[in-house]
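Understanding the architecture of this molecule
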Amino acid sequence: MGYCPNTPEEIREMLVVIGAGSVEDLFSPIPEALRAKSFELPAGMSEFELMGIMREKATTGGSEIVPFIGGGIYDHIIPAAVDHLAGRAEFYTAYTPYQPECSQGTLQALYEYQSAICRLTGLEASNASLYDGGTAVAEAALMALRITGRNAIVLDASVNPLHREVVCGYLASLSAGVCQVPPAGCESDLELLMGSITSETAAVIVQNPNFFGSVADFTALAAKAHEQGALLIVTCYPVALGLVKSPGEMGADIAVGEGQSLGNTLSFGGPYFGFIATRKRFIRNLPGRIVGETVDKEGRCGYVLTLQAREQHIKRHKATSNICSNQSLCALRGLIFAAALGKQGFEDLATLNFDKAQYAKGLFSALKGVSVLNAGATFNEFTLALPKPAAQVVTRLLDAGVAAGVPLGGYYPGLEHAIVVTVTEKRTKAEIDQLAGLLEEALWN
Amino acid sequence: MELIYEKSVPGRTGVRIPLCDVPKAAPFPEALRRSDAVGFPEVSELDLVRHYTNLSRRNFSVDTNFYPLGSCTMKYNAKVMEQAGALFAGCHPMLALLPGGEKLVQGPLSLIHGVEQQLAEITGMDEVTTQPLAGAHGEMTGIMVIAAYHKARGEKRKFVIVPDSSHGTNPASAAMAGYEIITIPTAPYGDMDLDAYRAAMNGEVAAVMMTCPNTLGIFNPHIADICEIAHQAGALTYYDGANLNAIMGKVRPGDVGFDVIHVNLHKTFGTPHGGGGPGSGPVGVKKGLIPYLPTPRVVRNADGSFGVEAHPEGIGRVSDFFGNFGILARAFAYITLLGSEGLIEVSEMAVLNANYMMARLRGEYELPFETTCMHECVFSASRQLKDGVHALDIAKYLIDRGFHPPTVYFPLNVKEAIMIEPTETESKQTMDAFIEVMLEAARVTRENPVALHEAPVTTPVGRLDETRAARAQQVCCEG
Amino acid sequence: MSMYFTKEHEWVKVDGAQATVGISEHAAHELGDITFVELPQMGKIVKQFDTLAGIESVKAASDIYSPVSGKVIQVNDKLEEAPELVNESAEDLGWICKLEGADLAELSSLMDAAAYAQYLKGLE
């Protein structure tokens, strides 16, 4: 019970050494008046009974539904090596590498991860992970406030609505201003975004591809922001970066995003990981743990947590962030995924996503009354206008075992007939063709 | 050991990706394309597996070494929990937010509801949210809830009080929630100076944040008074549940007077530490604060089914979905497996083990406070310092002897602090072996202190130049 | 030129109406290897004991409080590339900034070298 190994004999021996009569005596500093009023939980059980309960819950978890949905979380392949390696107990039962000499496994892996994120985003310094996509965008906003000393953010409303909610929550606590800029159809309204930047703006935040799936080039926006002394933050979808121009190439100052699509399962909401990368000159403003390279006395290369003076255990209320535990194991999975696919494999994966989505886009937009709302290029997500309210269609198709897409009406008033469809490499031609048939059924029968 | 990038050979391919069973599209537009493929390593699967397998072997971990890292509760991570968590790998969270989607995800929703109820009962709170993704995130969420409460009452309160022994995340989280910090010193008896606290409490204070037992492993008998003093000034009380492992079944923060709490699933509830994360920091509140919880909430409908409900009056969203579900599932499994008697035994054995450590080591190591401890004990290496040996040197010596060191230099109010938390999952045998080495370290300190300055010598790298790391800021391998 | 010290271990040397400020050898030693000095903005105006600058080592971070009032007219740029100068020569080459407009009367609330040495003994 409780994985407590000590036998009654051993417990007796220890009590003698301690000089206590009973285990209860050890709790004597706790006054009677403070004792628990209740502790009513069911009795324990064995692994056998437990797994019965857990399996029952898992079978009604929706994993049989074919997901043409994203919302920041994507159904991608995960090579067997990821589970195998991240499942090594030396990785997952270790903790924060405070004692570097006996934690080089974690430390070197995180250094490799940081390097992977820099290469992915085209930027120069990364940290050892944040919690998730939404909180990563929020941390980037706070980072920009610190760097510029300003107190307002311009936020493109074509950024994931869930992420925007998290950002607004964080900024409201600090009484920082947020100006949300509505999209122009399914595209970022570049003109309006540029026009919204003032001398009080710390940063402009955009997403690429955006929530509607549109891909853009924000190089001009970066330049405009810089003119005004503001920063550009781009939140991005890692697998898309296999094809899409990186934030670094566009002149962005900070790149963030949800890392789940790299090697992490859907798992009903987590754990995932947030990533953040920036220019070298902003490194002291990064939140969270950072691993750095160094040497020991013999000149052997090793890795340590570094620039710790930024963090809460040293700077306390003046820290760059309160973050302590991060999503290290999930970041490790992301790294192994990237290394398992490799340079060419990752590009091929992105291309495959694009090809599948283009096929689906062509097929669905050929249906009567259905049109594509994105004005330009998309990656593996696109927005369709349907002749019926999208929510209705989605509900009906769920009954047929398919999640056809994310209806937009709840997030964007006026877009009740629109739906964002996601097509990853795991969606077979058969599944795509089937969805086309189901859509036609639902729309016209 | 070489980086994976250094093992890369151009042209090596990794795993095969799925076949393209659709017609190839026209190429992605050049103008929007990245100029070069991402510089991920090019290695064979065997190289990949060898690299990370060997890398993992450079770690100490709970599964390989005794890991008495104080304040972190490094208990054994039951393998059945991994099996249980893996069952939900294919569940997409967006399904819960789609119209008509709730009925398809009843299992996970019931688990979230279930673990919320379990945690509410264990802590004596009325409602719980599972959204916070780590302890610090929970602290921030909890203080934001408190801020919303005061705001709804038109109160303008600027400060949060913390003891100087508090974990750095306490003031950092309160600052992120928009507050200024008042720090109260620790009294000679080992806990927050009650008089100084009383003097600092007033109508401008929003909350006081306490850890109980505190970061010295000491249970503060005045904890209820501390809550009372806050309430009388209209302030709320926050409980940092990092040390909950000491008191399950014995004390519930909700009974004592706490309004908001967080628990660390990766500490008390045995979910794995992952090399630094993921954790999970569910937050519990008393009735009056329920309106301010994050949105959305999992609710139980009249017909017994589960739904997802918007919670518009609350502080909004602090994470994208329902929290780190995979971690919630593991914690739910742990609590279900152990049951109430199992959890009570956990706390009893955790406290027994720490007191045993304290009793056997106090002869050689200074105890800064003369009192029984709970689930962790804090020593000071002040005696050893007289021979030129620091807590750090003792830590490094332990590494050479196959033990992960205890926490050192925390809490900040103890000089040369060594914080030992064995946890309940360690046997007397293991503890005795560790104690022997600690006693040996004390002996070596007296006889040949220089030997300790060289440690560790058995690891792949020795003591690393942290100054150089901070000055050079080499944080990524350039591609 | 006499040096005066604060309880928070800053020092000041006054030359006419110009004051040079730094942290004491003791403080530098306590911090350990300095990794970063957050120099004040040029033109910044501080009152005596206001936060003037910041300093970080591998394991600690500290605010630096101004021993006297004044306006920052020069900062020690060398500390950007070589923060270790503070460890090597805290009370000389490791100076942090110069202020003008110092009020000499404020020195009376500070300790001279001998008094500071006594103060340090008392802290042990």
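Parameters at a glance
Residues numbered from 1 in each chain as written. Chains lettered and ligands numbered in written order. Predicted model: local features only at pLDDT ≥ 70, side-chain atom pairs only at ≥ 80, totals over all residues. Domains from an automatic or database assignment. Contact = placed C-beta atoms within 7 Å. Helix = DSSP H or I, 4+ residues; strand = E, 2+ residues; numbered from the N terminus. Nonpolar A, V, L, I, M, F, W, Y, C, P; charged D, E, K, R; others polar. Expected span 1.5 Å × (residues − 1). Buried ≥ 20, exposed ≤ 12 C-beta atoms within 10 Å, placed from the backbone. Pairing = 2+ DSSP bridges. Axes fitted to C-alpha atoms, helices over the stretch in contact; angles between N-to-C directions.

Residue and element names in this part refer to chain A. The domain boundaries assigned to chain A delineate domain 1 (66–75 + 350–444) and domain 2 (80–336). Relative to domain 2, the C-alpha centre of domain 1 lies at a distance of 29 Å. With 21 residues of domain 1 in contact, the opposing surface of domain 2 contributes 23 residues. For the side of domain 1 that touches domain 2, the secondary-structure elements that each account for two or more residues are helix 12 (328–365) and strand 12 (381–385). Sort the elements by how many residues they give to the side of domain 1 that touches domain 2 and helix 12 lands first, with four residues. By residue class, the composition of the side of domain 1 that touches domain 2 is eleven nonpolar, eight polar and two charged.

To continue, consider helix 5 (residues 135–152) of chain B. All names here are of chain B. With 18 residues, helix 5 should cover 26 Å at 1.5 Å per step; its first-to-last C-alpha distance of 26 Å lies within 8% of that length. Counting buried residues along helix 5, 15 of its 18 residues qualify, which places the element largely inside the surrounding structure. Within two residues after helix 5, Gly-154 carries a phi angle of roughly 70 degrees, on the positive side.

For the rest of this paragraph, the subject is the sheet that holds strand 7 (residues 254–258) of chain A. Residues and elements named next belong to chain A. Read across the sheet, seven strands follow the order 2-8-7-6-5-3-4 without closing on themselves; strand pairing throughout is mixed. Edge positions in the sheet fall to strand 2 (125–126) and strand 4 (177–181), since each of these pairs with one other strand and no more. As defined by bridge partners, strand 3 (residues 152–156) adjoins strand 5 (residues 201–208) across four bridges and the pair is classed as parallel. Of the residues in strand 5, the one forming a bridge with Val-154 is Val-204. Sheet strands in contact with helix 6 (residues 133–148) are strand 3, strand 5, strand 6 (231–236), strand 7 and strand 8 (274–278), and its direction is about 160 degrees off that of strand 7. Those strands touched by helix 7 (residues 161–173) are strand 3, strand 4 and strand 6, and its axis lies near 170 degrees from that of strand 3.

Let's shift gears to the pairing of strand 6 (residues 260–263) of chain B. Residue and element names in this part refer to chain B. Here strand 6 shows two buried faces, one formed by Val-260 and His-262 and the other by Ile-261 and Val-263. As paired elements, strand 5 (residues 236–241) and strand 6 share four bridges and run parallel to each other. Across the sheet, residue Tyr-239 finds its bridge partner in strand 6, namely Ile-261. Across three bridges, the pairing between strand 6 and strand 7 (residues 283–285) is antiparallel. When the bridges of strand 7 are listed, His-262 appears paired with Val-283.

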